[in-house]
Each structure stands twice: as C-alpha cells, then as structure tokens.
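A look at the structure
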Amino acid sequence: MVPGEVIAGDVKIKLSGPCTDAKSYVLGLRYKERVFWQSRREDAPKWEDDWWPYENKDSWSMHEEERIAFEIKSPLTVAGGTDTLSRNFTARFGVLVPNTNYPPGLDCRRGCTYDWGVTDIISGESIYEYFVEIGFSNGTTSEIPAGVTSFTPFYLSTENNAPSAHVSLSSTRSGSNMKPSVDGLRSNYTVEVSFPEGAHVYRNSSVNFTAIVHRTGYTNRTDIPVELCACLTNDFKWHSQELQNKTQPFPSFVRALVPSIVTRQHSPRSPCREISFAATPASLAHESHIISTSSEPLSLSLYVEHDDVPDFSTYYQKLGHLVRLDLFIAPDPSEPCENESEELQWEELQWEEQILDADELDWVPWMPTQTPPSPRTLSGNTNVLSVISMQKQGPVRLMPVHYLSDQARQPVFVHSSDIADLRLMLPEERDLIAPLTQPSIKVFAKGEENAHRYRTGGDWQYPIYVGDTWVKKVLPMITKDQGESHTTVDHLLVVQ
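Just so it is clear, the structure is predicted and the values come from calculations on it, not from any experiment.

Observations regarding the environment of Gly 467
Within the secondary structure, Gly 467 is located in helix 5 (residues 466–482). Taking relative accessible area as the criterion, Gly 467 reaches 0% and is therefore assigned buried. Considered as a pair, Gly 467 and Leu 257 are 210 residues apart in the sequence and their alpha carbons are 8.7 Å apart.

Quick word on the sheet that holds strand 25 (residues 412–414)
The strand order 1-4-25 describes an open sheet built from 3 strands, whose pairing is antiparallel. Only two strands of the sheet have a single neighbouring strand rather than two, namely strand 1 (6–14) and strand 25. Direction aside, neighbouring strands of the sheet carry axes that sit 40° apart on average. Of the strand pairs in this sheet, strand 1 and strand 4 (residues 88–96) are connected by 9 bridges, and their pairing is antiparallel.

Observations concerning unusual backbone geometry
Unusually for a residue other than glycine, Asn 204 sits at a positive phi of about 60°. Along the chain, Asn 204 turns up in the loop between strand 13 (200–202) and strand 14 (205–218). Taking relative accessible area as the criterion, Asn 204 reaches 13% and is therefore assigned buried.

Concerning the pattern of salt bridges
Enumeration over the complete set of coordinates arrives at 16 salt bridges. Arg 67 is paired through a salt bridge with Glu 33; the nearest N and O atoms lie 3.3 Å apart. One end of the pair, Arg 67, is in strand 3 (residues 60–78); the other, Glu 33, is in strand 2 (residues 22–40), with 34 residues separating them in the sequence. The class of Arg 67 is buried, set by a relative accessible area of 7%. Three or more residues joined by partner-sharing salt bridges are found here, namely Arg 30, Lys 32, Glu 71, Lys 73, Glu 129, Glu 133 and Glu 143.

Brief notes about the environment of Ser 39
Tracing the sequence through the fold places Ser 39 in strand 2. Look at Ser 39 and you get buried, because its relative accessible area is 3%. In this structure, the C-alpha to C-alpha distance between Ser 39 and Leu 243, residues 204 residues apart in sequence, is 9.4 Å.

Details of a negative patch on the surface
Taken together, the side chains of Asp 357, Asp 359, Glu 360 and Asp 362 make up a negatively charged region of the molecular surface. Tracing the chain through its elements places Asp 359 in the loop between helix 2 (340–354) and strand 21 (376–382). By relative accessible area, Asp 359 is classed as exposed at 59%.

Details of the nonpolar core
Membership of the largest hydrophobic core comes to 38 residues, with the highest contact counts inside it found for Met 1 and Phe 70. For this core, the secondary structure elements donating two or more residues are strand 1, strand 2, strand 3, strand 4 and strand 7 (120–136). With 5 residues, strand 2 is the largest single contributor of residues to this core. Not counting chain neighbours up to four residues away, the residues in contact with Phe 70 comprise Met 1, Leu 29, Arg 30, Tyr 31, Tyr 102, Tyr 128, Gln 410 and Pro 411. Judged by nonpolar contacts, the second largest core, of 28 residues, contains Val 167, Leu 300, Leu 302 and Leu 378.

The rules behind these values
Residues numbered from 1 in each chain as written. Predicted model: local features only at pLDDT ≥ 70, side-chain atom pairs only at ≥ 80, totals over all residues. Heavy atoms only, no water. Helix = DSSP H or I, 4+ residues; strand = E, 2+ residues; numbered from the N terminus. Buried < 20%, exposed > 50% of the residue type's maximum accessible area, 1.4 Å probe, protein only. Pairing = 2+ DSSP bridges. Axes fitted to C-alpha atoms, helices over the stretch in contact; angles between N-to-C directions. Salt bridge = Lys/Arg side-chain N within 4 Å of Asp/Glu carboxyl O. Patch = residues over 30% accessible without salt bridge, like charges linked within 9 Å, V, L, I, M, F, W, Y side chains within 5 Å. Areas by Shrake-Rupley, 256 points an atom, 1.4 Å probe, with all protein chains shown as cover. Lys, Arg positive; Asp, Glu negative; His and termini not counted. Charge placed at Lys NZ, Arg CZ, Asp CG, Glu CD. Core = buried A, V, L, I, M, F, W, Y, C linked by side-chain atoms within 4.5 Å. Contact = heavy atoms within 4.5 Å.

Here it is as structure tokens:
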C-alpha cells in the first residue's frame, strides 16, 4: 500500500471438509504493532555463571503491549445452504488508502527488531495482515489468516543539505569478558565525512561521500592507517524512557517486507579504500612531539539495498540508520595487545620461539614473529543519512500526514465497481471518504506475555506475502497481455 492510492484486489475463499453451515464471510485488514520487554530487577540476587535464565521468575519484570492502528472489515458474500459457490469462489474488493504515511512493512516472518543485553530483552514487531471472518449458523465466528501486505511511505521533495560529521573511533576488539589494554601513548583517530549529494538516499541506489582520516599522536610512534571501510547499519531506538537506558543493544538486522523480485539498479560499490598517509618527518621520528596529520581525501560509496528499512518514527520506536566506519591500522610494535586473550596468544608464540635455537627454526612450521599477529581495528558511527523508500511522483501535493497525527486517516474498503471513479477524484476529496484513525492499545496480562508473537518460526513462506504472489503470478500476465511500459510497471511494483 501507498498513501493516496486506490488499490484493487481479489480474495479467494475455499472451504474444505464439513463446513456446510457457513453463513457469512467478512474480509478484514489491520495494522498492529507491539513491544515486549523483560528486565532483571535491580534488587534481584546476583546469579552465578550461566544459571541466571533458570532462576526465580520473580527476579524479572515483563511487559507486553499491542497497538492496533486500524482494523477495517467488509462483507464478501452470504452463504446459502449448500450452494457450491459459497464454498469455493473469488470476490473482488478495493482499498482506498488516504494520504497518510503509515510505517514501512517489516519482514517479521524472520523476526523483527530486538535488543538483547546482559540483563534485558526487548523485542518489537509489526504486521499488516488480511484475514477472513467466517460466521457459522450456530453463532460462532472463526478468523482465518489471508496473507500479509506492506506499506511504502512517500515523501515530497525537500531541501537536501550536504551534511558533514567528525566521527570518533574506538577499539572493537575487546570482548565483553575481556579487559581492554591501556596505552596512554596510543594515537587517537577521527574521520571527517561529508556527503556532497545530500543526506537523503533512496533504496536500491548509491550515495557517494568523502572521508579524511585524522591522526593525533606522538612523532616517535610508527602506527599508520592503511584502509577505511564503510557500511550502513540499522539504528532503531525505543521511544519509551523506561527502555532507553536498560539495554546493551546489538545491531538489529531487520529487512523491509518487499517483493523478492525487483528491478535492481546496478551501481558501483566501493565500501573500502586504501589510505595514502604521509609519514612522520624524519627530523621528528625520534622525538616525543604530539602532532596532527591527515590523509588525502578518500572517495567512497554506500549502496542501499532495495529491502533496507526506510527511516520512520513509529509509536514504539524510531527506525533509522548509521554509517559505520572501520579503520584498519598497522600498529606500532610497542603497542600492547588489544585484550588479555590476544596477549596470552602473543606471549605463547614468543615462548615457542625462545625454546628453539636458531638452527632449529627451519624444522618447525611457524615463522619468526616480528610484529603482533593482526592489525588494529577502530570503529565509529554517524547518523547523518536518512533512507527514503520513494519520492512522491506526479504533481506537487500536500505531504502525507503521519499516522500518529490527530489528522491521520485509516484505509477503508470500497466496492470494486467504484474504483475507477474514485481514481478520478482529487486526493483531497478521496481523503474525506476515509475515517479518522481510532487506535486501541492492549496490555497483556501477567503470564500471557510472548517475546515473538507475530514471528512464525523457521518457515519463511508463511504467512503468505501477497506482494510476492502479485509480482510472481499477476504482474507477468499484466505486462504480457497489456504491453505495459517500463514506467507503468515500476508504478505497479509499488501499488501492489
């Protein structure tokens, strides 16, 4: 779905088995989002080793709540006795989507956003789901899942300033249980980045930027940067003040729910660059002066995948991105190892060499060790980029309303025979047909919480994503029978 469109669809109903008493069918569509958190109480006793997951549940506090942003329904047909059409039929329907930006669809079939810390677990999920309610003659109703869909928020073209940032770098080699080494003489590195093309980048496209590596350190240290790499990572932040300082988050790996077959734009990718760095002047190489030096400007490129999650602020969290920079440094020989584990390995290699005489080295497989075994890696992040799903095409219109606004409207089912006339109306006129949103929130009772309520496990084919069905089964017939142009097909890929 996209804001300001009228979508046509089909639903197939097929009853199997002894279901002769079905009386009515109702097609529904809802968008719901939820959050779950589990945190260890501050007054809980300390655990030992790995036994903490099995301790008393009273040591943990849990909370789960769900927000239904909209839920709409439309009657399909009324079954009559044993009429065969009521057991196996296809019905057309339409959905009028108001000029309101809803959150991008996330592929929760594989699991959605989460933070897993030492003492906290937080997960968030969202889903756009179709369903069919079947009413039976005895008064009961059964809800049957009918597939999931997605949403692509649109944005009007806005001023796209060229941002820049100074990124501080720190070591990433020290593990959670390893005490990092301390070296007061070690050089400090920062990276100055600038994006001359602007801060907005569309999915399935590249953005170019320049980087300058700055080193501040002693002249008698020989460490030198050798390579800089860049990548784009998710940066999802929770809105609740209660959640912001409780976790030690790992980077979330979440994808947007998009058709698996897309027209990929072939763009050059240059995520890494070797660094040209001037050596310390010979006159200062043996003196302990602190100087600042810089590399030549580096040209790099970041590629945004077609299924990257666009930036968006939802009810529970802010979906965003970070530009991650990894700087590889050839360290000075006097620098200590990154952590205790590496230091023990380094000392073991030195000890193995010391027990051998010079004439015995040719008879062992290892080489004499002159330098530490691996380069040093420094990393840092900056949030200067915004990923945009797609820019609003056609005549300039009002920016879509955010779904959390008081003026937000929700989709509404329309009769399939009215779709053509509705598409001829002005967007402002169509918006008046859609009602204002009336969201609801449910807090689950104690003992009913579920960390992954929407995730379906290891089967990525279910629930069925209607966008994949449309692209793989319907779109080929449309392009073949009607000879659609490339521009029209691109539009159809969005409105599906």
